[in-house]
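What follows is each chain in one-letter form.
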Amino acid sequence: MSLLLFDILLCGLLLALALASMLSRQLSHAVILYIAFGLLMALCWARLAAPDLALAEAAIGAGLTGALCFTALARQGQLALSPVLSWQQRCWPALFVVVTFCGLLLALLQLPAQPGPLPALVVQNLTASGVSHPVTAVLLNYRSWDTLLELLVLLLALIGTLQISPAAVLHRSWGLSRSWSRLLAPLIILLAGYLLWAGASQPGGAFQAGALLAAGAVVLKLNQQLDWLAWRNIWVRFFAVAGLTVFTLSVLTVFFLAEAGSEPLWLRWPPELAKYIILLIEVFATLAIAIILTLLVVAEQPQTALSLARADKTEDIDG
Amino acid sequence: MAELSHPLLLFLVTAATLVAIGVYGFICGPEPLRRVVALNIISAGVFMLMVVLAYRSNGPGAAYFTADPVLHALVLTGLVVAVSATAFALALLARLGQATAPLPTEQETEQETEQETEQETGQ
Amino acid sequence: MSNGEELGLFSLVISSGLLITGLLFFIAGSVGMLRFPDSFSRLHAVTKADSLGLGSVIAGLMFYCNWWQNLLMLLIWLLVLASGTVSCQLLARFCKTKQDQP
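Here the residue numbering is sequential within each chain, running from 1 through the sequence in written order. Here the convention is simple: chains get letters from A, ligands get numbers from 1, in the order in which they are written. Under the rules for a predicted model, residues below a pLDDT of 70 receive no local features and side-chain atom pairs below 80 are neither given nor counted, while totals for whole chains, interfaces and linings still include all residues.

Trainee: Where do I start with the overall build of chain A in this structure?
Mentor: In DSSP terms, a helix is any run of H or I states spanning at least four residues, a strand is any run of E spanning at least two, and both are numbered starting from the N terminus. Helix and strand counts for chain A stand at twelve helices and zero strands. Counting from the amino terminus, helix and strand elements in chain A follow one another as α-α-α-α-α-α-α-α-α-α-α-α. A buried classification covers 36% of the 319 residues belonging to chain A. Contact definition: two residues whose C-beta atoms, as placed from backbone geometry, lie within 7 Å. If you take every contact in chain A between residues at least 6 apart in sequence, the share linking residues at least 24 apart comes to 72%. For every residue, the other C-beta atoms within 10 Å of its own C-beta are counted; 20 or more classify it as buried, 12 or fewer as exposed, and values in between as partly exposed. C-beta atoms are placed from the backbone.

Trainee: Would you take a moment to explain the nonpolar core for this structure?
Mentor: When a protein is soluble and globular, its nonpolar side chains tend to lie buried together. Only buried residues count toward a nonpolar core: Ala, Val, Leu, Ile, Met, Phe, Trp, Tyr and Cys, linked into one set through C-beta atoms within 7 Å. The biggest cluster of nonpolar side chains holds 120 residues, and the ones touching the most others in it are Ile289 of chain A together with Val51 of chain B. For this core, the domains that each give at least three residues are domain 1 (1–111) and domain 2 (131–319) of chain A. Those residues in contact with Ile289 of chain A that lie beyond four places of it in its chain are Leu154, Ala206, Phe207, Gly210, Ala211, Ala214 and Gly243 of chain A together with Val80 of chain B. Domain ranges listed in this record stem from an automatic or a database domain assignment.

Trainee: What's the story with unusual backbone geometry in this structure? I'm lost.
Mentor: For residues other than glycine, phi is negative in most cases, and the peptide bonds are mostly trans. All names here are of chain A. Phi angles above zero are rare outside glycine, and Ala49 is one such case at about 60°. Residue position: Ala49 is located in the loop between helix H2 (27–47) and helix H3 (51–76). Residue Gln224 is not a glycine yet carries a positive backbone phi of 60°. Relative to the elements of secondary structure, Gln224 occurs in the loop between helix H9 (206–222) and helix H10 (234–257).

Trainee: Help me understand the confidence of the model for chain A in this model?
Mentor: Residues shown with low pLDDT carry predicted positions that ought not to be read at fine detail. Residue-level confidence of the predictor, termed pLDDT, takes values from 0 up to 100. Per-residue confidence for chain A averages 83 on the pLDDT scale, and 89% of its residues sit at or above 70. Looking at the elements of chain A, mean pLDDT is at its lowest for helix H12 (residues 305–318) of chain A, recorded as 51, and at its highest for helix H1 (residues 2–23) of chain A, recorded as 91.

Trainee: How should the packing of helix H4 (residues 87–109) of chain A against helix H1 (residues 6–28) of chain B be read in this particular structure?
Mentor: To characterise two packed helices, one gives the angle between the axes of the helices and the distance between these axes. Axis geometry follows a simple rule: fit a line to the C-alpha atoms, using only the stretch in contact for helices, then measure angles between N-to-C directions, giving values from 0 to 180 degrees. Where H4 of chain A meets H1 of chain B, the closest approach of the two axes is 9 Å, and the angle between their N-to-C directions is 155°. It follows that H4 of chain A is roughly antiparallel to H1 of chain B by the angle criterion. In this structure, H4 of chain A crosses over H1 of chain B, and the sense of that crossing is right-handed. Contacts between H4 of chain A and H1 of chain B pair Arg90, Pro93, Ala94, Val97, Thr100, Phe101, Leu104, Leu105 and Leu108 of chain A from the former with Leu12, Val13, Ala16, Thr17, Val19, Ala20, Val23, Tyr24, Ile27 and Cys28 of chain B from the latter. In these notes the angle categories are as follows: under 35 degrees is roughly parallel, over 145 is roughly antiparallel, 65 to 115 is roughly perpendicular, and the rest is oblique. When the near helix sits turned anticlockwise from the far one by under a right angle, the crossing is termed left-handed; a clockwise turn instead gives a right-handed crossing.

Trainee: Sorry if this is basic, but what is going on with the environment of Ala18 of chain A here?
Mentor: As for its placement among the helices and strands, Ala18 of chain A is situated in helix H1. On the basis of neighbour counts, which here come to 31 C-beta atoms within 10 Å, the residue Ala18 of chain A falls in the buried class. A sequence separation of twelve residues divides Ala18 of chain A from Ala30 of chain A, and the C-alpha atoms of the two residues are 8.8 Å apart. When residues no more than four places from it in sequence are discounted, the contact partners of Ala18 of chain A are Phe37 of chain A together with Leu18, Ile21 and Ile41 of chain B.

Spelled out as structure tokens, the structure:
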């Protein structure tokens, strides 16, 4: 009974925050409400027995997205109130949305109440996967294709962002926040290392550790620390690409070395080596995810010919 | 899915409503930044739906408490991809804001004038 | 983890009292954040809720857990306390600088 009360409260709060974020007339209010929404989503994942997601969402939804949205807000400069929409402008979309919502709900209620065969299969083959935590096994063994492509997507997003984003608007940071961020840094590194190691048997893993490291690095970068963490540094570039490279290389190695035995298969680890391959990939993936997410949030313009030509204009516009 | 327990139905309806709210905000949101936030709310609804579907495997007949790890892994991938897509969208937005910003009044050097004419023709 | 029934009456009363005190602080903080006129008084309300409210909620919960969980909760409270103080200070300074240069 008390759990149902908690659920109702959580769902009600989530819906109220989302609605208020969409309907508020000030853009800054919308962004702040959305950050609160992200925090509650982390609670919601914990309630729905998904601790992996709760860990990642706490670092991403509440930390990184907040920093991203505030940077975007700061770039917009002086904001006017949103224009008031007329009755008709609001009514027709609302009608459309209500019809879609009813159709969606009807379709969802048709879904079978019993899960498919996949969870049972995952648990059955867990001993051959090299790790004992099912989510890590799915991410880095059964469906490692997803993870490989995801690293590629991250890298592409970073390259695109570096090309187009204007020069960052950096403000002077206060001494208090600088020293506090320095105090937090070792704690975050410790936690990320623990998460990475625990991922083999408990909730945790490369994504959560990478997101956490990125959140810590963003706090430090916003306080003008970590000057070396920029795209111009060759080691940063190396580790940003290394996640993908190590993954691909280990896939290729396993593919060509396994030819002596049975028929070789793409993205299939031999069970006796799986543990070490997964650990190797996870370490590099964590570093790559952390670096890429950090640079995505506090993107700095690389010193290319195009950006140098653009620099004087940017200064004028920013005042 | 009528035999689902009440909390799951509640979360299912919440997920669908989140998607609906996001779609409404995406259509009606006057500013581009708000539309990006709306897209994020839609994705939160979709992820929540997938997590609810993962949770349903904990029926009374299940041997022990496990949620569907395949869906969890998919959502975990989705979270990270969503934040990178958001970052890219916001970078595009910043460039858009820079391109459509009011032009500076001083026209001292030739280079600036050149760039401004470029910008005007671009608009 | 022991259940509430296993606690003595005395500890049950103390823990419930602490939990209710914490909740009252949170409610007062939320009302203050919604009703107060300017940023400084709002910050004042919110940080009270954060530090004292969370502290007494955690103190109330400590009756139900073993020493390891208690230590973790205490650490979480200290972290929230410190980060709340820092962010409050930063927000207040931001508001002050914004006030000074209109």
